[in-house]
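Examining the three-dimensional arrangement
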Amino acid sequence: MPAEWEQQSGVQLTWPHENTDWAPMLAEITAVYEQMAREISKREQLLIVASEGTQLPKNLHTSFFTFQSNDTWARDHGFITVEEDDKQILLDFCFNGWGEKFEAERDNQINRQLYEAGLVKGEYESHLDFVLEGGSIESDGKGTVFTTTCCLMAPHRNQPLTQQEITERLKRYLGAERIVWLNHGSLLGDDTDGHIDTLVRICPDDTIVYTGGDNDHPDLAQMEEELKTLRTLDGKPYRLLRLPLPRPLYDDDYRLPATYANYLIINGAVLVPTYNQPDLDAEAMRVIGLAFPDREIVGIDCTPVVRQHGSLHCCTMQYY
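These remarks concern the structure in this document. Nothing here was measured: the structure is a model prediction, and the numbers come from that model.

The subject of this paragraph is the nonpolar core. Counting 68 residues, the largest nonpolar core has Val200, Ile208, Tyr263 and Phe292 as its most contacted members. Among the elements that take part in this core, helix 1 (residues 26–41) stands out by supplying 6 residues, more than any other. Once residues within four sequence positions are removed from consideration, tyrosine 263 is found in contact with Glu4, Arg201, Cys203, Val209, Val270, Leu271, Val272, Pro273, Ile288, Phe292 and His313. Residues Val82, Leu91, Phe130 and Val145 belong to the second largest nonpolar core, which totals 20 residues.

This is the structure in structure tokens:
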């Protein structure tokens, strides 16, 4: 499985529409998607999956596909790409609404439809008997894939498979030499059961960027200690870069799972979520810039996105 910072051919967005949970704030979220679309299409091809009749941005380096989705989280219903002998293999896993919490039947059909329409290139491989979301795994491109026990061992994912059985499947499907399971870390308000892309991101040169904790998240301090014990395949410690945690954001009385770790790496840039907290937003962009000194760091206000418990990385899926 490639690392996300490797050269990409394009990024997929699944566009918000009036039949999704975005309906009460459709104009607000559409403005965020338009900004994402502009930044991505400056640098690479953009593929937009949208319902019929949706007004989409013009003058972008973009392909469009019409399909009525359940929701918009392309990271979790999109293809996961692996490489084999210079071939791109498009892995189509089951997405079941993060453990059957939400309806996802139509989202689960998007990959096959895109492939049959010729809009994505590679060899199609069905694994629809196995639940795996793109936000639950991180690859260093060198044989190590990271995940969390709280997600992949959560109810209604792949029971009755054991952790060892899931490990063996991940190694086989993703071409990994090892699977690193993190046993700590979660955000208040998170409904993904602890996707790793909200907590820990793998970066070039054996660097890990991770979400720091506060008094409300003591398990993040435990996660930090766990990261300090990790070693590369060569037996070396990782370079650890700590991200701040945004100040609490709420939707009525519900604590939202805001995180700076949910950034998107594209060709030549990193798109970083911001939350109208200038000091912390600037610090997060500084830290991510240390991990990616050769890329432009671009902030995008994700205050609207987090109201549906996601951020930039959740909204996107890259192709190689």
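With respect to the element layout, methionine 153 can be found in the loop between helix 5 (149–152) and helix 6 (163–174). You can call methionine 153 partly exposed: its relative accessible area is 30%. For the pair methionine 153 and isoleucine 166, spaced 13 residues apart in sequence, the C-alpha separation works out to 8.8 Å. Filtering out sequence-adjacent residues up to four positions away, methionine 153 remains in contact with Gln159, Leu161, Thr162, Gln163, Ile166 and Trp181.

This brings us to the packing of aromatic side chains. Note on aromatic pairs: each is described by the distance of the centres and the angle between the planes. Taken as a whole and judged by the stated rule, the model has 13 aromatic pairs. Taken together, the ring pairs connect Phe79, Tyr115 and Tyr124 into an aromatic cluster. We note arginine 112 situated over the ring of tyrosine 124; from NZ or CZ to the ring centre the distance is 4.3 Å. One Lys or Arg, arginine 201, reaches over the ring of tyrosine 263 and ends 4.4 Å from the middle of that ring.

What counts as what
- Residues numbered from 1 in each chain as written.
- Predicted model: local features only at pLDDT ≥ 70, side-chain atom pairs only at ≥ 80, totals over all residues.
- Heavy atoms only, no water.
- Core = buried A, V, L, I, M, F, W, Y, C linked by side-chain atoms within 4.5 Å.
- Buried < 20%, exposed > 50% of the residue type's maximum accessible area, 1.4 Å probe, protein only.
- Helix = DSSP H or I, 4+ residues; strand = E, 2+ residues; numbered from the N terminus.
- Contact = heavy atoms within 4.5 Å.
- Phe/Tyr/Trp six-rings, centres within 6.5 Å; stacked < 30°, edge-to-face > 60°.
- Lys NZ or Arg CZ within 6 Å of the ring centre and 35° of its normal.

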